[in-house]
Each structure stands twice: as C-alpha cells, then as structure tokens.
Amino acid sequence: MRRRLGSVRARATLNATLVVAVALVAAGTAVLLALRANLIDQADAKAANVARKVALDLAFGVPYAELDLPNAEDSPVQVLNPQGRVVAGDDDVESMSPALAPAPAGSGRADGAAPATGDDDDDADDGDRNRGRDRHRDDDDDDDPPAVGEISEEAPITPGAVTVDGHTADYRIAAVDVTTSEKVTLTVYAGASLSAEEGAVGTVQTAMLIGLPLLLVTVGCATYVVTRRALRPVEGIRVEMAAITASEDLSRRVPEPDTHDEIARLARTTNETLAALETSVERQRRFVADASHELRSPIASLRTQLEVGAAHPELLDVEGAVLDTVRLQRLAADLLLLARLDAGERPPQDARFDLAKLVREEADGRDRVHLDGVGSVEVTGSRGQLVRALANLLDNAERHARDRIDVALRTEGTWVVLRVADDGSGVPVEERERIFERFVRLDESRSRDDGGAGLGLAIARDIAVRHGGTLRAGEAPQGGALFELRVPTAP
C-alpha cells in the first residue's frame, strides 16, 4: 500500500479526489442551505398572504362562518380574540403551536356572530389562562392596534407545529392583527406547510449521497488515467537513464516528447546534462592520457640518464637530469593546481592586494617586457593563483615573441584589465579558443625545445574564471598575440 501511494499517479489521484470531494461537499452544503432558505421564504410569504387575506375579509365584515379558508393541511388558519380564544378556523385543525388552544364547544363559530368580548367571568378567566400563550409575535405589546376596518402592516413569522386530523407537522406561522367594524381586535394565524421544503431538501440530499461517491470514483479513475498518460514520457526517461547507468554509455540520450510542457523541458535538460557529462568524462580521459604521455617522456629521459650514469659515471649528464627533474616538478605542480581548480576550489574573497605590484614584480628580470600604465589597482582573491596566471601569460609571450612584450594594466569601470601583447606570429582566429584547452600546443610551439606541456594557458583561464573574470586571445597591434585578462576590482 505504501509503495502504491509512493507513486505520483496514486498521490495525484488521491489529492484530486480529496479536493473534488471537499469542493463538492462545500458546494452541496451551500446548495442545500440556499434551497432550504428559499423554500422557507416561500412558505413565509404564503403564510403571510393567507393571514392577510383572512384578516381583510374580517375587516370588511365577513362573518366567521363565511370566511374563505384554504385547505387545512396546506394552510391551517385560526382566528383568536383578545382573550386568546379561537373564534374561527377550520375544524380539522386540532392544535396550532406555539400555544394556540382550540375553541370549546358552543363558541359560536358556526352561527356567524362574534363571540362575547369578555363580559362573562368564565370567559375572562379563560382569557387570563391563555393570555401568556395567545400571540406568537415580537414581544412589543405596546404597539397600538390597527384602526377600525384595517389590518396590521407587519406579519411576524414564527416556526411551529400544527396538528391536523391527528397528524402533526412543522409549519411556518404568520400572525396579522385586524380590527373589525365592531371595534374588536382579532389576530389571524395562518400556517404554511414545510413538507415541500423537507421533501425537496431530502431529495437533494439523497441525490448527493448517491451521486457524490459515483462522481468521486469517476474523478479518481479519470485522474489516474490522465496522470498515467501524462507521466508515460517520464517512465521512458527513467528506463533510458537506467539503461545508460547500466551500460555506462554516455553517448545515449533520453527520448524527448514532441510537446512543449515541463516533461519535454525535463527531457531536454536531461540530455543537456548527459552531453555535459559526456564532455567532462571525455575531457578527463584525454587529460589522463595526455598527462601520462607528458610524464612518460621526462621520466624515461631521466631514467636513461641515471642508468647510463650508474654504468658509466663519467657519462652522467647532471645538467640534463636536473632539467628533466625541474620539468617533472613543474608538470606535477600544474597537474595538482588543475586538480584543485577542477575540484571547485574558490579563492578567498577577503584577501586584498595590489595587482600592479604583482605585475611589476613578475616583469622584473624579463628583458623584453615593457610596462605601460601600471598603477595601483586593488583586487581580491588568491595572490598565488593570480601570480601563476600572470607568469604563464608572460612565459607564453616570451616563448613566441621576437623582440618585445608589452604589458598594460588599466581599470574599466568595475573591471581590472591586464593586456599582454607580443610581436610574434600571433594566433590564428580559428585557434584562439582551442589554445586554452589542456595539453594543446600549436605546431610552432611543439617544435621548440623549451615548449611547455600545453597547460599554461588552460591554467590561466581557469584562474581567471575562478576569480569571476575572463581570459581571451586576440591580435596585438604589432601583429602578434594579445591576451586580455579581466578580473573585478576590489569592492
């Protein structure tokens, strides 16, 4: 179960179903409340209309027995006198709650005459007993009764229970006051049944209880199918990545879906990552192979000289052995520095020093180097790495220059620009990026006996990049090579 819920399809289906369920429950509740309120409003209006109609008949002098009363089950009506006695109404209405008592036998509802208005002591006693239960309206008893032949403007509504022919149900009861031509103030109570409201609400609830699970099942199935179809390319990417991992063949690529969505972008990014990884691995392989090749020659030469010296001490070339040892030492230092740069070593950001001073110190003792505009310029970073980059640029210039090397240091905005130019043969345009690759030497430099291993420019560019700068090759004014090193100034 936990494994199934761990899949994206299962979680998406579960979350979508839960969201739809919450939305449907909230919407259904709102619909039920709105429906119930609307039906209750309709019942209130119906009860008020019936009460006003009966009250108007009484105001016009219609006798009790001739009142046009609606069906008792649908709209029960009772008319009460000031003493709380029922003087008119449908005989089928047994009780109308709240606290409305039926009229006793012989009350006079059938003869069409108004009953006594309180002269009889027994009637007065009955009125006193029912006075606290007679009017189910607002508690404002200080309002004046309506004028003769008029009805009250308001028709207060209260919920209650009405018993008709032995059956009790919930009703909405309206109360309207009327003053007859005999100056007797009566209260007409009319009810409106809530059976329609209860039936409609019950029907909607039943439909929701049946339809909601079916709808949730439909939403869950649809979400699962759609999600499965949408994630099918992801499974293809996963399968291909697993195959690439197993075969270690970085030349393979994952399938890219013919869409413009996030999965397509994921596939493209994955392929770009594989391409970068393939390039990095290939570069590492070339690096190891080139390093082995570069190390083999001085080691073999040194071994030969030592073996000859061991057999014939008089033939030992000490100077050559020292040169080979120095060459090995420099090569080992270059390889170590490249390994540290590849490992992501960052220069310190709080070390400040004068780059112009480093340039003057490094140029001192080099006969063909001419300084131009080397003022005081502070930068941050690794002093040793920048000295190494400057030394590599000057060594490269000395290796190719004929007579002159120009070094200029300027500031351009927030950048420090160091230019090293020589008057040699220059670098062809198509080779100006290639010379920064590791162990790359052009044919001319390979033919020189003092040619390096092809790591100097690569190290210089890596140092520049680690310091947030750049190193580019161009053409010098004298026709030779121009190298431009840019690093940020100290903040």
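To be clear, the structure that these remarks concern was listed above.
Read on for a plain summary of the structure.

Cut-offs applied
- Residues numbered from 1 in each chain as written.
- Predicted model: local features only at pLDDT ≥ 70, side-chain atom pairs only at ≥ 80, totals over all residues.
- Heavy atoms only, no water.
- Axes fitted to C-alpha atoms, helices over the stretch in contact; angles between N-to-C directions.
- Helix = DSSP H or I, 4+ residues; strand = E, 2+ residues; numbered from the N terminus.
- Parallel < 35°, antiparallel > 145°, perpendicular 65-115°, else oblique.
- Left-handed = near helix turned anticlockwise from the far one by under 90°.
- Contact = heavy atoms within 4.5 Å.
- Expected span 1.5 Å × (residues − 1).
- Buried < 20%, exposed > 50% of the residue type's maximum accessible area, 1.4 Å probe, protein only.
- Arc of directions from axis to C-beta.
- Pairing = 2+ DSSP bridges.
- Salt bridge = Lys/Arg side-chain N within 4 Å of Asp/Glu carboxyl O.
- Phe/Tyr/Trp six-rings, centres within 6.5 Å; stacked < 30°, edge-to-face > 60°.
- Lys NZ or Arg CZ within 6 Å of the ring centre and 35° of its normal.

What to know about the packing of helix α8 (residues 355-363) against helix α9 (residues 383-400)
Stage number 1. Contact pair α8 / α9: the axes reach a minimum separation of 10 Å and the direction vectors enclose 45°. Looking at the two axes, α8 sits oblique to α9. In this structure, α8 meets α9 at a crossing whose hand is right-handed. Along its contact with α8, which presents L358, V359, E361, E362 and A363, the element α9 presents R383, V387, L390, A391 and L394.

Details of helix α5 (residues 232-247)
Stage number 1. When the terminal C-alpha atoms of α5 are compared, their 23 Å separation across 16 residues agrees well with the 22 Å that a helix rising 1.5 Å per residue should span.
Stage number 2. Within the sequence span of α5, burial applies to I237, E240 and I244. For α5, the angular spread of the buried residues around the axis is 70°, confining them to a single face. Facing away from the buried side of α5 by more than 90 degrees, the exposed set consists of R232, T245 and A246.
Stage number 3. As for α5, its buried residues are in contact with α6 (262-311).
Stage number 4. A positive phi of about 60° marks E248, the residue just after α5.

Side note on the pairing of strand β13 (residues 481-488)
Stage number 1. For β13, a buried count of seven out of eight residues is recorded, marking the element as mostly surrounded by other parts of the structure.
Stage number 2. Across seven bridges, the pairing between strand β11 (residues 415-422) and β13 is antiparallel. Of the residues in β13, the one forming a bridge with V420 is F483.
Stage number 3. Relative to β13, strand β12 (residues 470-475) runs antiparallel, the two being bridged by six bridges. Looking at the pairing, E475 lines up with A481 of β13.
Stage number 4. A loop of five residues connects β12 with β13, the two strands running antiparallel in sequence, and G479 in this loop sits at a positive phi of about 100°.

Looking at the environment of L471
Stage number 1. By the element assignment, L471 lies in strand β12.
Stage number 2. By relative accessible area, which is 2% here, L471 ends up buried.
Stage number 3. The spacing of L471 and L418 is 53 residues in sequence and 9.5 Å in space, taken between C-alpha atoms.
Stage number 4. Among all residues touching L471, those that are not within four sequence positions of it are L393, F436, L457, A460, R461, A464, F483, E484 and L485.

Focus on the pattern of salt bridges
Stage number 1. Following the criterion strictly, the structure yields 25 salt bridges and no others.
Stage number 2. Linked through salt bridges whose partners overlap, the residues forming this network are E362, R366, D395 and E398.

A short note on the sheet that holds β12
Stage number 1. If you walk across this open sheet you meet the five strands as β8-β10-β11-β13-β12, and the pairing is mixed. Looking at which strands have only one partner, the edges of the open sheet turn out to be β8 (369-372) and β12. In this sheet, adjacent strand axes meet at a mean angle of 20° when their direction is disregarded.
Stage number 2. Bridge analysis of β8 against strand β10 (residues 405-412) gives four bridges, and the strand direction is parallel. Bridging across to β10, V369 finds its partner in I405.

Quick look at the environment of R327
Stage number 1. Structurally, the position occupied by R327 is in helix α7 (residues 318-342).
Stage number 2. In this structure R327 comes out as partly exposed when scored by relative accessible area, which is 39%.
Stage number 3. In this structure the C-alpha to C-alpha distance between R327 and P298, which are 29 residues apart in sequence, comes to 7.2 Å.
Stage number 4. If sequence neighbours within four positions are ignored, R327 has contacts with E294 and P298.

A few points about the packing of aromatic side chains
Stage number 1. Following the criterion strictly, the structure yields one aromatic pair and no others.
Stage number 2. Between the aromatic rings of F436 and F483, the centroid separation amounts to 6.2 Å while the plane-to-plane angle is 85°, which identifies the pairing as edge-to-face. With F436 in the loop between β11 and α10 (443-447) and F483 in strand β13, this pair connects stretches of sequence that are 47 residues apart.
Stage number 3. We note R461 situated over the ring of F436; from NZ or CZ to the ring centre the distance is 4.0 Å.

What about unusual backbone geometry?
Stage number 1. The backbone of K183 sits at a positive phi, close to 65°, despite the residue not being glycine.
Stage number 2. Turning to its location among the elements, K183 is positioned in the loop between β5 (167-179) and β6 (185-193).
Stage number 3. In this structure K183 comes out as exposed when scored by relative accessible area, which is 67%.
Stage number 4. Backbone geometry at E248 places phi at a positive 60°, although glycine is not the residue there.
Stage number 5. Here E248 lies in the loop between α5 and α6.
Stage number 6. With relative accessibility at 66%, the residue E248 sits in the exposed group.

Re the sheet that holds strand β2 (residues 86-89)
Stage number 1. Read from one edge of the open sheet, six strands run β2-β1-β6-β5-β4-β3, paired in antiparallel fashion. Of all the strands in the sheet, the pair left with one neighbour each is β2 and β3 (93-96). Shown here is a sheet whose adjacent strand axes are inclined to one another by a mean of 35°, direction ignored.
Stage number 2. For β5 and β6, the ladder comprises nine bridges, and the chain directions are antiparallel. The residue of β6 that forms the bridge with V176 is V188.

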